[in-house]
Amino acid sequence: MLSLNLPVFDTKINVRNGKNVIFDVIRKRYVALTPEEWVRQHFVHFLIAHKGYPSALLANEVMVKLNGTTKRCDTVLYRRDLSARMIVEYKAPHVEITQAVFDQITRYNMVLKVDYLIVSNGMQHYCCRMDYENQSYTFLRDIPDYASL
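About the criteria used
Each chain has its residues counted from 1, following the order in which its sequence is written. Totals for whole chains, interfaces and linings use every residue, but because this is a predicted model, local features are given only for residues with pLDDT of at least 70 and side-chain atom pairs only at 80 or more, for both listing and counting. Working from all heavy atoms in the structure, the side-chain values ignore hydrogens and water. Secondary structure elements follow DSSP: runs of H or I no shorter than four residues count as helices, runs of E no shorter than two count as strands, and numbering proceeds from the N terminus. In this analysis, the expected span of each helix is defined as 1.5 Å times one less than the number of residues it contains. Buried means the residue's accessible area, taken with a 1.4 Å probe over protein chains only, is under 20% of the maximum for its type, while exposed means over 50%, and partly exposed covers the values in between. In what follows, a disulfide is any cysteine sulfur pair within 2.5 Å. We define a nonpolar core as any set of buried Ala, Val, Leu, Ile, Met, Phe, Trp, Tyr and Cys residues linked to one another through side-chain atoms lying within 4.5 Å. Note on definitions: a residue-residue contact is assigned when non-hydrogen atoms from the two residues lie within 4.5 Å. Two strands make a pair as long as DSSP finds a minimum of two bridges between them. To get an axis, fit a line to the C-alpha atoms, keeping to the stretch in contact for a helix; angles then go from 0 to 180 degrees between the N-to-C directions.

Where an unreviewed UniProt entry is consulted, the protein chain appears under the name Type I restriction enzyme R protein N-terminal domain-containing protein, with the organism given as Bacteroides finegoldii CL09T03C10.

K.L.:
Any chance you could explain helix H1 (residues 35–50) here in plain terms?
P.N.:
Each full turn of the α-helix corresponds to 3.6 residues, which orients residues three or four apart in the same direction. A rise of 1.5 Å per residue sets the reference length of H1, with its 16 residues, at 22 Å; its end C-alpha atoms lie 22 Å apart and thus fit the reference within 8%. Inspection of H1 places Glu 37, Trp 38, Val 39, Arg 40, Gln 41, His 42, Phe 43, Val 44, Phe 46 and Leu 47 among the buried residues, and these make up the whole buried set.

K.L.:
So what exactly am I meant to see when it comes to the state of the cysteines here?
P.N.:
One way to say it: the disulfide is the covalent bond shared by the sulfur atoms of two cysteines. For the structure on display, the rule yields zero disulfides. In this structure Cys 127 is a free cysteine whose sulfur lies 6.5 Å from that of Cys 128, the closest cysteine sulfur available. Judged by its relative accessible area of 5%, Cys 128 falls in the buried class.

K.L.:
Is there a simple way to think about the nonpolar core in this case?
P.N.:
A general tendency of soluble globular proteins is for nonpolar side chains to be buried together. Judged by nonpolar contacts, the single largest core of 25 residues is most densely connected at Phe 43, Tyr 53, Leu 77, Met 86, Ile 118, Ile 143 and Leu 149. Among the elements of the structure, H1, strand S6 (84–90) and strand S7 (116–120) are those that each provide at least two residues to this core. With six residues, H1 is the single largest residue contributor to this core. In contact with Ile 143, other than residues within four places in its own chain, are Phe 43, Phe 46, Leu 47, Lys 51, Tyr 53, Ile 118, His 125 and Cys 127. Val 64, Cys 73, Ile 87 and Leu 117 belong to the second largest nonpolar core, which has 17 residues in total.

K.L.:
Explanation requested: the sheet that holds strand S3 (residues 29–32) in the structure shown.
P.N.:
Sheet strands pair by backbone hydrogen bonding; their relative direction is either parallel or antiparallel. Strand order across the open sheet formed by three strands is S1-S2-S3, with antiparallel pairing between neighbours. In the strand order of this sheet, the two ends are held by strand S1 (13–16) and S3, each with one partner. Taking the axes of each pair of neighbouring strands and ignoring which way they run, one obtains an average angle of 45° across the sheet. Bridging between S1 and strand S2 (residues 19–24) involves four bridges; their strand directions are antiparallel. Residue pairing in the sheet places Ile 13 in a bridge with Ile 22 of S2. Helix-sheet contacts for H1 involve S1, S2 and S3, and the interaxial angle to S2 is about 20°.

K.L.:
Just to check I follow, could you spell out the sheet that holds S6 for this structure?
P.N.:
Reading across from one edge, S4-S5-S6-S7-S8-S9 is the order of the six strands in this open sheet, with mixed pairing throughout. Since the sheet does not close on itself, it has two edges, and those belong to strand S4 (58–66) and strand S9 (136–140), each with one partner. Taking the axes of each pair of neighbouring strands and ignoring which way they run, one obtains an average angle of 35° across the sheet. Taken together, the five bridges between S7 and strand S8 (residues 125–131) define a ladder with antiparallel strand orientation. If you follow Tyr 116 over to S8, its bridge partner there is Arg 129. The strands that helix H2 (residues 99–112) touches are S4, strand S5 (69–78), S6, S7, S8 and S9; relative to S6, the one it contacts most, it runs at about 155°.

As structure tokens, then:
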């Protein structure tokens, strides 16, 4: 798979039914190894190993109901009280991060109302902090460490 702009980690990749699968440390099972999943697994590892995010407070493929349809957030960070704190949306490395990607994560946030939104294609990463009081957001220079959230 493609080298990403994220730290390398010890991936667990197998072949099942003729297809590559990768171990998801959050879901604790093997999942199809797509380009987007490659980004997700690297980013989750980065959050846990390099930014101090507790794996127990992260969830992958979180279902949300929006306007009568079911959508899936790629990764959600929860607080200890299990309210959502951050949404992360992944795209495959060849997918450009456009306004449409931000529109997608913003729709998810209409339901979850988190403090942070992150979008990554494994090469570029964008993080913004929401300011609901002023109905605005601020892009951050870096992905914050868990301790500084």
